Every structure is written in C-alpha cells, then in structure tokens.
Number of protein chains: 2
Amino acid sequence: MVIDAGITESDEASNAGLVSLDWGTTSLRAYLVDDSGRTLDQRSSSTLGVMAVTAGVLPGSATTSRFEDALEQICGDWLRAHPDLPIVACGMVGSDQGWVNVDYLPVPLSMVEAKLSLGVAATRFGPVHIVPGLMDVATIPDVMRGEETQILGAILAADGNGRNAASGATRLVALPGTHTKWARMSGTEIVAFTTFLTGELFALLTEHSILGRPAQRSDETDWAAFDTGVRLANQHHRKGLSGLLFSARSLMLTGRLSASGIHDYLSGLLIGSEVQGVQSWWEACDQPILLCGNPPLCQRYARALRTVNRASACIDPGVVTPRALHHIATGADLLPHNCTVKANHHG
Amino acid sequence: MVIDAGITESDEASNAGLVSLDWGTTSLRAYLVDDSGRTLDQRSSSTLGVMAVTAGVLPGSATTSRFEDALEQICGDWLRAHPDLPIVACGMVGSDQGWVNVDYLPVPLSMVEAKLSLGVAATRFGPVHIVPGLMDVATIPDVMRGEETQILGAILAADGNGRNAASGATRLVALPGTHTKWARMSGTEIVAFTTFLTGELFALLTEHSILGRPAQRSDETDWAAFDTGVRLANQHHRKGLSGLLFSARSLMLTGRLSASGIHDYLSGLLIGSEVQGVQSWWEACDQPILLCGNPPLCQRYARALRTVNRASACIDPGVVTPRALHHIATGADLLPHNCTVKANHHG
C-alpha cells in the first residue's frame, strides 16, 4: 500500500474535530479536520478504494472487517489519538457494492441547507456515518455518490463558505473525471444533474481501440490537436461522437494529425462533444461554470468552454471536500456545538 | 486454421473465370466465380486476415511469402487447377499495413462506370490485382478499403445487375459492422461517405467498461431494451452519445432495465445515435436505404430506421461482393472477352 501523507500541522492536531473520508471506487482519501472544518492532516491511497477492499468477497458476505482494516491502515493513528472523534464518509462506500447501502436522496435538494440523515456502519472505532448519494428521476434517470459532497464543497467555496448570501441564480458545477457529472443549480439547490462517460471513453479508446494503436505517448500536451478536436466537435455535433471518432484515423492518414497528437485530439473531440451536450444548460447560465476536479483535466474543460464563450473557475476537490464533509457532519449534529464538550460517538 | 468451405458446384468449376478475394483486417474470403460473375465455390477464414498474416513482421520487411502462403492455404487447389485465372482482391490487403499500398481514389466516383487502375502484387500464382480504396477529402476526411467493392455490389444488385438504368436519384448504402460506413450516392456515383465507430464502441463498452460489467449474456435479443435505446437516442440526440451511455447503469439501478437487456439497450443507443447522425442524408433520400452486412446486424439497423420512417433493404455481402469483384476485373480488362480465349496472366 502506498499512502501519500499530507502536511501534518501537529501543533493543531489537538484541535481535531472530525475524521472525513472520501471513499470512492478506486481511491480512499482521509482528512483530519478541526472543529471549524480546516484540514489538519490528510492521506490518500489508490489501493484502498471500495473495489480493492471488496475484491473477492462473495455477494452477501460481511465486509465490515475489511473496511475496518482499511480504516486502520489509512488513519488508525488518528483514530487512536482521538478516540471520540466522529467519522463521516462519502462516495461509493455507501453503495450496494460498498459497505452500507444508503438510499439515494432525490433532487431538487440543497446540500447547503439540508440536514442529511446519514447511514451508519458500526466499527470498533465507533460509527462511520455515510453520506447518501443523489438520484435525479428524470426521463433518463441519473445517480451520483460522492460527487454531491464535492458539489457542496464547490458551492461553499464559491459563496465564500457561507459569508455571501446565495442568490437563486442558475449556475453549473462540472466534476470532470471518469464519469463527469454536471449539476444544474438554482442558488444552492441541485435542480438536475447528468453524467458523461467522457473519461472512461477516453481510456477505452486510447487503450483498446484501433484509433489508439498508432498513437505515440508524449509528455507535452498537443494543444493544437486538442483544439482541432474541440472545434470539429463544436461544428459537427449533430453527427454525433460515434461519427466523429474515426477522424482520428483519417486525419492521420491524410497527414493532418501526427501520431503524437492522437490522444489530445481524441480528448478534444470527447470534451468538445460533452460541452455541446450540455449547451441548453450553459446557454441559460451567466455565471462562471465551477469546475471541480484534477487541475490539468479542468484546464482542458476550461479551454473547451472558452470556445463557446463560457468562463469557468477551477476548484480543487482536495481542498473543498473535507470542508463539505464538515458541513454535512455539523448539519447531522455529529459535531459538538463548542469545542469543550465532546459527545462519545462510539456505538 | 479453420476454413469454411462453401458449396462446390464441381460440374461448373470448368467454367471458372476469376479468383476473387475479399481480404480484410480480420478475415479472408475467397470466391471462385465463372465468366459471368456467378459464384462456383467459396471459402472463408478468420485466421488469414491481414492482421494475422502480417503479425510479427517488422516494418519495411517483405511480406509477399506470407501472403502467398495464405493464398495457398485458402485456395491453392483452385489456383493449381486453373493456373491461368486472373486474381483480384479488395480490402485492407491494399493498405500500408497490407501487401501493396494502393493509393486511394477520390470521390465522387462511380464504381459502376469507372475502369479502375488496380495495384499489383506479383506472386508465384501470377499477379494479384488489388482494388484501390476510396478517400473523401471533406472537412473531416474519410477513407474506406473493401467497402467500395461492397457498395458496388449493393448497387449492382439493386439495379438488377445493370438491367435497370440507374437514375440520378439520391440513395444511401450503409455497411453495418465494426466501422460502419454510409455512402451517399447520386445514381451509381458515390458522392460522399462517412464512418461510424458503432461496432467497435459496442465491443469496447460491453467487454471493457463499467456498463458492461453487470450485463448478463442472453441468446434471445431483448427487443424492448433495444427499442428503448433507439428511442432515447432519437429523443436526446442533442445530448450526445457520451451523455446517454451512463443511462445503461442508471436505468438498471432504477429497475427499468434488466441485466440481460444491457447489451441490447447499448446496441439500441449506439445504432439510434448513428441513424440520427446521418439525418441530413436520409432526409434528402426517398429511396429505401440499402443495408449490406451481416443479416442479424442489418435487422437492427432496419428496425432503428423504421423509427424515423425510413424503409430499407438488406443485401448479403457474401453474394454481391464476388459479383462486384468480377465487375471490377472486367472493367480492368482482366477477363477475356469471350470464354474460349484466355490470356495468360502470369507476371
């Protein structure tokens, strides 16, 4: 196991108020935060995601000891040093393939205003409180787990952590990744959301398709190739992604695309198609679009959005997620109302 | 090697006039045809495709002996029994990854009217004449190799093998497959064409993506799931394929799609998106669309086309391809003008 340890501000660890977990399919991130939601310490592991933790477990079998062991590995020291701290988690850990299956909550919902009822997994460290995912029961339904917490974090950050009154204006939050989520907000309320398979398609096409075969990896981003992909996706959106992809081959055969540009060209086609796919949303939104995800990927989205004259702001999920989990834990009355009184949260 | 031998009409083999090869990336089909283009015998192999034949060959190395060996394996008996027969081939065998790289011909082009200049590969069996592929140098360029011959075959079949005068009407030929091609015709002329990655995307999504993981294989086609996919693709085309695919998961989570219906639902989404992608073409065409490909797949396309009120006719490429190769060979003066005089075609 590789754990990337964050900067420990040990002098302040005595103010620890909450252990927050962002526990997804492929990774686990743990944050030790103080009573006000500020991060004191953080860890992340790409070998303790839900998929790895539950690997080989038969359906219906108990998984608690495996999740407990993962908790011990990533932050056993915090839990022993602060045995009374509440623990809160978001992500696929709360799914049918995770630890405890927590029912989805329907949208519209304000993650800022709601006092969420959290799922509970009993452990030897006390209860782990699990944030429910969201469901949009539209013609084409959609679901998320974990992203609702990032959206809350993005909104809290954009609104100055509550210092600015939230207006009812339409705004958009996009979470670029394997399955990119777009949320349409009215003020702090998530009104609707939708998922694009962009990141997974990029991986499939570059790793397994005929298009990726001649591609040469390059450390430099070929922005010209990326921009060409975005431009063609903008101009020919009606033709659809499946009708545009083969151009990665035909442009190369006609000498208009180099082998080292194929990956960035495909990235441009995919992100450009996605931006076109949410046109009706950004056309009705005059606020900068909030992009919350890994910064190099957000940079690509920002660039594609500029081609349709849309401004955006990039937000680091590693900063805003622990703050959002603290907000949720506070709303669920898991945190003491002042620092001198601490409830015992052991189950 | 597995070779599927066709029905041999041995009494008529003495009338043999041409050996025709449809030599693609993954398969090789050989046809022994008579002087009038009728198939006397046929074979196919899925282990003698261009990719398998050239496997492990270093770039720039000679491949002739490997292609000769493949020829020997699939139809050495024909070539020895009829040493003077001309040999004609279409497909990826004529590409930079094949045997002889034959330059693409530009569209517009009438495969019916043109007397094509063929590439030549010299072999111990005499020259193999290779049909050039086509290139459409549009904003988004496109290429084909082998499909130009199938299109010719479909057009010859639709026009009663030349008995009906071809009008200048707009018509469409679609070749469903891994990389589905659509050709827009004016009479017998290919005016433009475009490629959809539909078949390859279906394979990638069902074999490698998170969407395919919970799917249960079924021998029965779930037409209701297929139709739902087509309908959603029709209604939400603007959202784009990458924005529709995740619904294979969310519809299952909401109980509206069964695990055994996932593959057919994805098939419906993909084929429906493709049909939407060529809307401007079929809107301008009042002839039935000619579908040339494997019959169960063509049935899916026909069904999707009916949802947009478009009629179609299914054509078997195994029947029309040898006839098209005979037409090309005749145009290139490879065949004697009557049966009693046979030129020696050895190089």
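Everything below is about the structure shown above.
Predicted, not measured: the structure shown is a model, and the values here were computed from it.

J.: Explain the relation of the copies chain B and chain A to me, please; I cannot follow it from the model alone.
T.: Comparison of the two chain copies shows a relationship of rotation about an axis with a shift along it. Structural alignment of chain B on chain A gives an RMSD of 0.0 Å, achieved by rotating through 180° and translating 0.0 Å along the axis. Expressed as an axis order, the relation between the two copies is that of a two-fold axis. With an isologous cut-off of 70% or more, the 100% of interface residues of chain B that recur at the interface of chain A puts this contact in the isologous class.

J.: Honestly, the sheet that holds strand β10 (residues 134-136) of chain B in this entry has me stumped. Any pointers?
T.: Hydrogen bonds along the backbone pair up the strands of a sheet, which may run parallel or antiparallel. Residues and elements named next belong to chain B. Taken together, three strands build an open sheet; the order of strands is β6-β10-β11 and the sheet is mixed. With one partner strand each, in any of the chains shown, β6 (105-106) and β11 (142-144) form the two edges of the open sheet. Judged from the three bridges that link them, β10 and β11 form a sheet pairing that is antiparallel. Within the sheet, the bridge partner assigned to Leu-134 lies in β11 and is Met-144.

J.: How do you make sense of the nonpolar core when you look at a structure like this?
T.: One recurring pattern in soluble globular proteins is that nonpolar side chains are buried together. Counting 48 residues, the largest nonpolar core has Leu-201, Leu-205 and Leu-245 of chain A together with Leu-201, Leu-205 and Leu-245 of chain B as its most contacted members. With sequence-adjacent residues up to four places away left out, Leu-201 of chain B is seen in contact with Leu-201, Leu-205, Ser-242 and Leu-245 of chain A together with Leu-241 and Leu-270 of chain B. In terms of nonpolar packing, the next biggest core, distinct from the first, is built from 35 residues, Leu-109, Met-111, Val-112 and Leu-116 of chain B among them.

J.: Could you clarify how one ought to interpret the side chain of Asp-264 of chain B in this entry?
T.: Residues and elements named next belong to chain B. By the secondary structure assignment, Asp-264 is in helix α8 (residues 262-277). Relative accessible area serves as the criterion here: at 8%, Asp-264 is assigned to the buried category. Side-chain polar atoms of Asp-264 contact the backbone nitrogen of Asp-222, separated by 2.7 Å.

J.: Teacher, can you tell me more about the interface of chain B and chain A here?
T.: It is common to give the size of an interface as the accessible area lost on bringing the parts into contact. Residue-level contacts link 51 residues of chain B with 51 residues of chain A. Both sides of the chain B and chain A interface together cover about 4,300 Å² of buried area, and 64% of this is carbon and sulfur. Among the residues of chain B in contact with chain A, Ile-140, Arg-238 and Phe-246 of chain B are the three that bury the most area, contributing 16% of the side total. Scanning the region where chain B abuts chain A turns up zero salt bridges.

J.: Even after reading the chapter, I still don't get the pattern of salt bridges, so can you show me in this structure?
T.: Opposite charge on two side chains makes pairing possible when the charged atoms of those side chains draw close. Evaluation of the coordinates by the stated rule reveals 22 salt bridges over all chains. We note a salt bridge from Arg-171 of chain A to Asp-159 of chain A, for which the minimum N-O separation is 2.8 Å. On the criterion of sequence distance, the pair formed by Arg-171 of chain A in strand β12 (residues 170-175) and Asp-159 of chain A in the loop between α3 (147-158) and β12 is long-range, its members being twelve residues apart. Each member of the pair, Arg-171 of chain A together with Asp-159 of chain A, is buried. Where Arg-124 of chain B meets Glu-68 of chain B, a salt bridge forms, and the shortest distance between an N and an O atom there is 3.3 Å. Taken together, the residues span a long stretch of sequence, with Arg-124 of chain B in the loop between β8 (119-121) and β9 (128-130) and Glu-68 of chain B in helix α2 (residues 64-81) at a distance of 56 residues. Owing to a relative accessible area of 10%, Glu-68 of chain B belongs among the buried residues under this scheme.

J.: What am I meant to see in the pairing of strand β4 (residues 39-45) of chain B here?
T.: Both faces of the sheet carry side chains from a regular strand, because those side chains alternate between them. All names here are of chain B. Bridge count for strand β3 (residues 28-34) against β4 is six bridges, and the pairing is antiparallel. Residue pairing for β4: Arg-29 is matched across the bridge by Ser-44. With antiparallel pairing between neighbouring strands as the criterion, β3 and β4 make up a hairpin whose turn holds four residues, including Gly-37 at a positive phi of roughly 95°.

J.: I would appreciate a short explanation of the sheet that holds strand β11 (residues 142-144) of chain A in the present structure.
T.: Residues and elements named next belong to chain A. The three strands are arranged β6-β10-β11 in an open sheet whose pairing can be described as mixed. Whereas interior strands pair on both sides, the edge strands pair on one side only; in this sheet they are β6 (105-106) and β11. In this structure, β6 lies alongside strand β10 (residues 134-136), joined through two bridges in parallel fashion. The partner of Leu-105 across the bridge, within β10, is Leu-134.

Thresholds, definitions, all that
- Residues numbered from 1 in each chain as written.
- Chains lettered and ligands numbered in written order.
- Predicted model: local features only at pLDDT ≥ 70, side-chain atom pairs only at ≥ 80, totals over all residues.
- Heavy atoms only, no water.
- Least-squares fit on C-alpha atoms with pLDDT ≥ 70 in both.
- Contact = heavy atoms within 4.5 Å.
- Pairing = 2+ DSSP bridges.
- Helix = DSSP H or I, 4+ residues; strand = E, 2+ residues; numbered from the N terminus.
- Core = buried A, V, L, I, M, F, W, Y, C linked by side-chain atoms within 4.5 Å.
- Buried < 20%, exposed > 50% of the residue type's maximum accessible area, 1.4 Å probe, protein only.
- Polar contact = N/O pair within 3.5 Å; in protein donor to acceptor, adjacent residues only side chain to side chain.
- Buried area = accessible area lost by both parts, 1.4 Å probe.
- Salt bridge = Lys/Arg side-chain N within 4 Å of Asp/Glu carboxyl O.

Worth remembering: the numbers are spatial, not functional.
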